[in-house]
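Breakdown of the fold
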Amino acid sequence: MIGDNNIKIKQLMLLIILIIPGGKYLSLPIVMARGIGRDSPYACLILFAIDLLMLLCIVWALNLNTYRKSVYEIISSTLSPIVAKIIMGIFALFLLVRLSYLMVYSIDIFSSTFSIKTNWLAFIIPVAIAVIFMISRGMTAVARLAQILFAFIIIAQLTMLILSIPQTDIGNLQPVLDKGIGGVLRKLPDYTLWYGDCLILLFFADCIPKNEEKYGILVAGFGISAAICIGLSVVYIGLFGSYAKYNNLAMSKVSQFIIQQTTLGRLDWLMLVIWSVSVLIKIVMFSFCCMRSINHILNITTQIGKYISLIAVMVIIVVLPLLTDVKQLVSDAFSTGWGKYVFWVCQYLLPPLLPLLVCRTNKREQADNNIILNSKSKLKKLVDGDAQQQTNMADSIMRGQP
Amino acid sequence: MSALKRIGIILIVGTVLALISSSFLVVPISKRAIIVGMGIDYVDNQYVVMCEVLSAESSSDTPGTSTTIVISGVGETITDALEDIHVKTGQLPSLGQCCVVLLGESIYKYQQMNLPLSLFTHSVAFKDNTVIACFDGNACQAISATTAVTPSPSFALSQLIQGSQQRTSIPKSTLIKFISKQHDNPSMSGYLSVVTFTPDQQINDDKTKHTQGYFDCKSIAVFTDYMYAGTVSGDEYHGFGLVTDKTFHSYIVNDEQGGSVFPPKASVGIFTKRLNKDVEWQGQSITFTIKCNLRIDRTNTDETGKLFKFINKSTLPIDNSVLVNTRDRVTEQINKTYQFSQQLKCDYLEISNMLYQKYGSEWLDYVINHPNSVFEDVTLDVQVEVTR
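Residues numbered from 1 in each chain as written. Chains lettered and ligands numbered in written order. Predicted model: local features only at pLDDT ≥ 70, side-chain atom pairs only at ≥ 80, totals over all residues. Heavy atoms only, no water.

**Regarding the overall build of chain A**
This is how the line gets drawn: Numbering of helices and strands starts at the N terminus; helices are DSSP runs of H or I of at least 4 residues and strands are runs of E of at least 2. Only protein chains enter the accessibility calculation, which uses a 1.4 Å probe; a residue is then buried when its area is under 20% of its type maximum, exposed when over 50%, and partly exposed in between. Any pair of residues with heavy atoms lying within 4.5 Å of one another is described as a contacting pair. Note that accessible areas follow from Shrake-Rupley with a 1.4 Å probe, and for residues the cover is restricted to the protein chains shown.
Regarding its fold elements, chain A presents 14 helices and 0 strands. The N-to-C order of helical and strand elements in chain A reads α-α-α-α-α-α-α-α-α-α-α-α-α-α. When burial is assessed residue by residue, chain A has 55% of its 402 residues classed as buried. Once local pairs closer than 6 in sequence are excluded, the contacts in chain A between residues at least 24 apart make up 86%. Carbon and sulfur atoms make up 67% of the accessible area of chain A, which totals about 17,100 Å².

Shown next, in the form of structure tokens:
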């Protein structure tokens, strides 16, 4: 049976701090360096600024969501069930693409750090089992786990960032915006796929306890994680300069610089292992959200049905890299290709609309509540009236009157 | 839990374990040649690689500690040579712990350096901040030698080039620094430390026969577009360290007021070095300004190069002549290194890079038509300020 999914806002904040840099730093700085060059940290900054606007809309919507309706219920009741299912379908595809990409890069980091040749199935099946197990314990348990590991992961991440700074050459970031801001802006749409992690908050709209109100800390959490990501991007370009585009995994490359004395062994591997836990948490969160999207699309409500949809998600992720080159597919179809426009519906169209939709849902809910209240009072009156009549009748019978 | 569930769990766990055990490349530590340093030479159209590897056997003198042994391989490429080591010894070469790569004269003087180094730049296990150095002579012989202080030549070299960085004038040169400085950068120049070995005595013990001596590093080899351009040594070398890296050099200068109390020479070290380099480009005129602020003091015992921080000021006076003489010495060294770069036509002071960083594509367009402008049109302005 899938466990409790209630998550406090503070826990959500910690999860945001963990999952945004977790995974984003596997390959994104390299992918962006290939397209944008040394100006990629500025592109990163702009995309995070856009994400911040979307997050503010989401936070506003969550704050308005007093009836704790799920995002599916909100869209379904205000637009239509068909539109809700289409949006859930886009969400499911978005999350599947991100998940596949995460998994493929996770094996790369595992191979480059621990085992030179790693079998995909042997790597992914234990990960998939761990994900299924963690989701089966419920998101409350995952959030508690994130709370416990938070300090360790952040220390590892900041160690890799801060200890690498002395070796960076800030001159590698210059000339600043050599081709003008236009050059960066034109390339931006090709990298939106890697952003929008805050969308997962929507899937917890009905999981936040009703007494929770401090939504502002989610924005603070986002700010911290964005600062870490931008910082890492700057450090990466500072370390590798014009050679930045030729690497494969940014984090494993940056972490090498935490030890200046090469005779001290590989402390970076230890840091990398601890940091990798954040990638696993991200995979769990995305898998859970993907499972919920599929459940909404197929109207799955039973426990066994939820397990089947979760296993289906895992099977897709396991099998897809065996059939095609996921990195190429994601790059051609969803990063630079048409797919990104489809995802923009969820990433950049839905969040600004959401507060409005929540308001409408609230009004409907209020109206429904009023109707129910009126009906109840009428019923009560009727019941009370009937009871009075029956009492009168009983009195007359007792008195022997007809 | 029902019996059926238990059987199911055991089956799943068993399957996963079977997959894992048969699918990972598991190499026992005793079958791995963990390379800590390597020397590479090019002899008779073949690469000769001599690797210092950690031995799984404990040292007989100090049980529980590991020793190093030297193994070699030959091949048409460095990869082939490493494969040769695998074939000959049955041990899989592992590059993840390598802390120094020494390139012999036959390679660094005559080959385009990006080719032999490409194996390391493409390797995911090899650290990008590994020290790469040139060896004046046969690198393989150097890797099989020992020093009196540190028996392992790799660790001795790593200590020499990296560990003593702020106490000496040796600039640090790592793989990624060397490669990235010459890749897509208008200066297209990089440098590597040049190591020499001076033999002291021949050691003949029961197990090995090797030379003991000491390494030193008093020059750098500079490269243009990965090809050797020349060797920078002496004052030019110290000047390069002053304006390029976080190196700190001690100076012995005339102390005119020393007289009877102090010797007529004063030995000074550097507390802090503040460097500000700027370029100005107008038409065909380029001005390269180097502002160097040094805070110096007399060196005490156990001090070289960079002086220890948070030390109370010495009561020993520093006369103005010491400050002036130090300033003149530093200015002379910077001027010399600049002049030598003009002479070599190798922009190892990265003037072109600085111009690109400041003026962007405009400079790139200009430099295509005026490739020698950084050697012909530059006016150097050195402003050294020495304080106590």
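**Here we look at the overall build of chain B**
Of regular secondary structure, chain B possesses 12 helices and 14 strands. The buried share among the 388 residues of chain B stands at 49%. For chain B, restricting intrachain contacts to residue pairs at least 6 apart in sequence, the fraction spanning at least 24 positions comes to 67%. Here chain B has roughly 18,300 Å² of accessible surface; of this, 53% comes from carbon and sulfur atoms.

**Structural notes on the nonpolar core**
Selection criterion: Among buried residues, the Ala, Val, Leu, Ile, Met, Phe, Trp, Tyr and Cys ones that are joined through side-chain atoms within 4.5 Å form a nonpolar core.
Membership of the largest hydrophobic core comes to 172 residues, with the highest contact counts inside it found for Phe204 and Leu218 of chain A together with Met38, Ile40 and Met113 of chain B. Of all the elements, helix 5 (residues 81-113) of chain A adds the most residues to this core, at 18 residues. When residues no more than four places from it in sequence are discounted, the contact partners of Met113 of chain B are Leu103, Ile107, Tyr108, Phe178, Leu192, Phe223 and Tyr226 of chain B. Among the nonpolar cores identified, the runner-up in size contains 63 residues, and Ile143, Val279, Phe340 and Tyr366 of chain B belong to it.

**Quick word on the pairing of strand 5 (residues 100-103) of chain B**
Residues and elements named next belong to chain B. What counts here: If DSSP finds at least two bridges between two strands, the strands pair.
Here strand 5 shows no split at all, with Val100 and Leu102 on one side and Val101 and Leu103 on the other all buried. Relative to strand 5, strand 1 (residues 32-43) runs parallel, the two sharing 4 bridges. Note on strand 5: the bridge partner recorded for Gly37 is Val100. Examined bridge by bridge, strand 5 and strand 6 (residues 131-135) share 4 bridges and lie parallel to one another. Looking at the pairing, Val100 lines up with Val131 of strand 6.

**A word on the packing of aromatic side chains**
Short version of the rule: In this analysis, rings of Phe, Tyr and Trp, with Trp reduced to its six-membered ring, are considered paired at centre separations within 6.5 Å, and the interplanar angle assigns stacked below 30 degrees, edge-to-face beyond 60, and tilted for intermediate values. Here, a charge over a ring means that NZ of Lys or CZ of Arg falls within 6 Å of the ring centre while also lying within 35 degrees of the ring normal.
Taken as a whole, this structure holds 26 aromatic pairs over all chains when the rule is applied. Look at Tyr101 of chain A and Tyr105 of chain A: their rings are 4.8 Å apart centre to centre, the planes differ by 55 degrees, and that puts the pair in the tilted class. Within this pair, Tyr101 of chain A and its partner Tyr105 of chain A are both found in helix 5, separated by 4 residues, close to a single helical turn. For Tyr105 of chain A, a relative accessible area of 4% corresponds to the buried category. Ring plane angle 35 degrees and centroid distance 5.5 Å describe the contact between Trp363 of chain B and Tyr366 of chain B, whose orientation is recorded as tilted. Separated by 3 residues within a single helix, Trp363 of chain B and Tyr366 of chain B lie in helix 11 (residues 361-369), roughly one turn from each other. Taken together, the ring pairs in this structure connect Tyr108, Phe178, Phe223, Tyr226 and Tyr228 of chain B into an aromatic cluster. The ring of Tyr105 of chain A carries Lys327 of chain A above its face, with NZ or CZ at 4.5 Å from the centroid.

**With respect to the pattern of salt bridges**
Residues and elements named next belong to chain A. Going by this rule: Throughout this description, the term salt bridge denotes a Lys or Arg side-chain nitrogen within 4 Å of a carboxyl oxygen of Asp or Glu.
Taken as a whole, this structure holds 18 salt bridges over all chains when the rule is applied. Arg98 serves as the salt-bridge partner of Asp197, at 2.9 Å between the closest nitrogen and oxygen. In this pair, Asp197 is assigned in the loop between helix 8 (180-187) and helix 9 (216-240) and Arg98 in helix 5, connecting sequence segments 99 residues apart. Per residue, the accessibility class of Asp197 equals that of Arg98, and both read buried.

**Here's the deal with a nonpolar patch on the surface**
Residues and elements named next belong to chain A. Counted only if it meets this: Only residues whose relative accessible area exceeds 30% and that form no salt bridge are eligible for patches; like-charged ones are grouped when within 9 Å, while nonpolar side chains (Val, Leu, Ile, Met, Phe, Trp, Tyr) are grouped when within 5 Å.
Side chains of Ile311, Val315, Val319, Leu322 and Leu323 sit close together on the surface and give an oily, nonpolar patch of about 450 Å² of accessible area. Position of Val319 relative to the elements: it lies in helix 12 (residues 303-323). A residue is classified by how much of its surface remains accessible, and Val319, at 33% relative accessible area, is partly exposed.

**Here's the deal with unusual backbone geometry**
The omega angle of the peptide bond from Gln174 of chain A to Pro175 of chain A is 0 degrees, so this bond is cis rather than trans. Looking at where Pro175 of chain A falls in the secondary structure, it is placed in the loop between helix 7 (139-162) and helix 8. One non-glycine residue, Leu177 of chain A, adopts positive backbone phi at about 45 degrees. For Leu177 of chain A, the location among the structural elements is in the loop between helix 7 and helix 8. Using a relative accessible area of 25% as the deciding quantity, one classes Leu177 of chain A as partly exposed. The residue Asn45 of chain B is not glycine, and still its phi comes out positive at about 60 degrees.

**Overview of the side chain of Gln182 of chain B**
Residue and element names in this part refer to chain B. For clarity, the threshold we go by: Throughout this description, a polar contact denotes any pair of N or O atoms lying within 3.5 Å of each other; where both atoms belong to protein, one of them has to be capable of donating a hydrogen while the other can accept it, and for residues adjacent in sequence the pair is counted only when both atoms sit in side chains.
Relative to the assigned elements, Gln182 resides in helix 7 (residues 175-182). Of the polar contacts made by the side chain of Gln182, one reaches the backbone oxygen of Phe178; its length is 3.0 Å. Beyond its immediate stretch of four places on either side in the chain, Gln182 contacts Met188, Ser189, Gly190, Phe223, Thr224, Asp225 and Tyr226.

**Points about the packing of helix 2 (residues 78-89) of chain B against helix 4 (residues 114-122) of chain B**
All names here are of chain B. So the rule is basically this: All axes here are fitted lines through C-alpha atoms, helices being fitted over the stretch that makes contact, and every angle between N-to-C directions spans 0 to 180 degrees. Here roughly perpendicular refers to angles of 65 to 115 degrees, roughly parallel to angles under 35, roughly antiparallel to angles over 145, and oblique to all remaining angles. Each residue gets one of three labels, nonpolar for Ala, Val, Leu, Ile, Met, Phe, Trp, Tyr, Cys and Pro, charged for Asp, Glu, Lys and Arg, and polar for the others, Gly among them.
Relative orientation of the contacting elements helix 2 and helix 4 amounts to 60 degrees, with a least axis distance of 9 Å. Regarding the angle of helix 2 to helix 4, the classification is oblique. Mapping the contact onto sequence places Ile78, Thr79 and Leu82 in helix 2 and Pro116, Leu119 and Phe120 in helix 4. Looking at the contact of helix 2 with helix 4 residue by residue, the class counts come to 5 nonpolar, 1 polar and no charged.

**A look at the environment of Asn138 of chain B**
Residue and element names in this part refer to chain B. If you trace the backbone, Asn138 turns up in the loop between strand 6 and helix 5 (139-143). When its relative accessible area of 31% is taken as the criterion, Asn138 is described as partly exposed. For Asn138 and Phe197, which are 59 residues apart along the polypeptide, the C-alpha to C-alpha distance reads 9.9 Å. At a separation of 3.0 Å, a polar atom in the side chain of Asn138 contacts the main-chain amide nitrogen of Cys140.

**Let's talk about the packing of helix 3 (residues 40-64) of chain A against helix 9 of chain A**
When two helices pack together, their arrangement is given by the angle between the helix axes and the distance between those axes. Residue and element names in this part refer to chain A. Running from amino to carboxyl end, helix 3 crosses helix 9 at an angle of 170 degrees, the nearest separation of the two axes being 10 Å. Accordingly, the angle class assigned to the pair helix 3 and helix 9 is roughly antiparallel. For the pair helix 3 and helix 9, contact is made by Ser40, Pro41, Cys44, Leu45, Phe48, Asp51, Leu52, Leu55, Leu56, Val59 and Leu62 and by Leu218, Val219, Phe222, Ala226, Cys229, Ile230, Ser233, Val234 and Ile237, respectively.

**Looking at the state of the cysteines**
Note on terminology: disulfide describes a covalent bond linking the sulfur atoms of two cysteines. Residue and element names in this part refer to chain B. The condition that has to hold: Put simply, a disulfide is two cysteine sulfurs that come within 2.5 Å.
Considering all chains together, one arrives at 0 disulfides over all chains under this definition. Cysteine Cys140 remains unbridged, with the sulfur of Cys51 as its closest cysteine sulfur at 8.6 Å. Since its relative accessible area comes to 6%, Cys140 is described here as buried.

**Brief notes about the side chain of Ser76 of chain A**
Within the secondary structure layout, Ser76 of chain A lies in helix 4 (residues 71-78). Among all residues touching Ser76 of chain A, those that are not within four sequence positions of it are Pro81 and Ala84 of chain A.

**Focus: the environment of Ala312 of chain A**
Residue and element names in this part refer to chain A. Within the fold, Ala312 resides in helix 12. Ala312 gets classed as partly exposed once you look at its relative accessible area, which sits at 32%. A C-alpha to C-alpha distance of 9.6 Å links Ala312 and Ile294, two positions 18 residues apart in sequence.

**With respect to the pairing of strand 12 (residues 265-282) of chain B**
All names here are of chain B. Here strand 12 runs beside strand 13 (residues 285-298); their pairing, made up of 14 bridges, is antiparallel. By the bridge assignment for strand 13, Asn276 is matched with Lys291. Adjacent in sequence and paired antiparallel, strand 12 and strand 13 are bridged by 2 residues, among which Gly283 carries a positive phi angle near 60 degrees.

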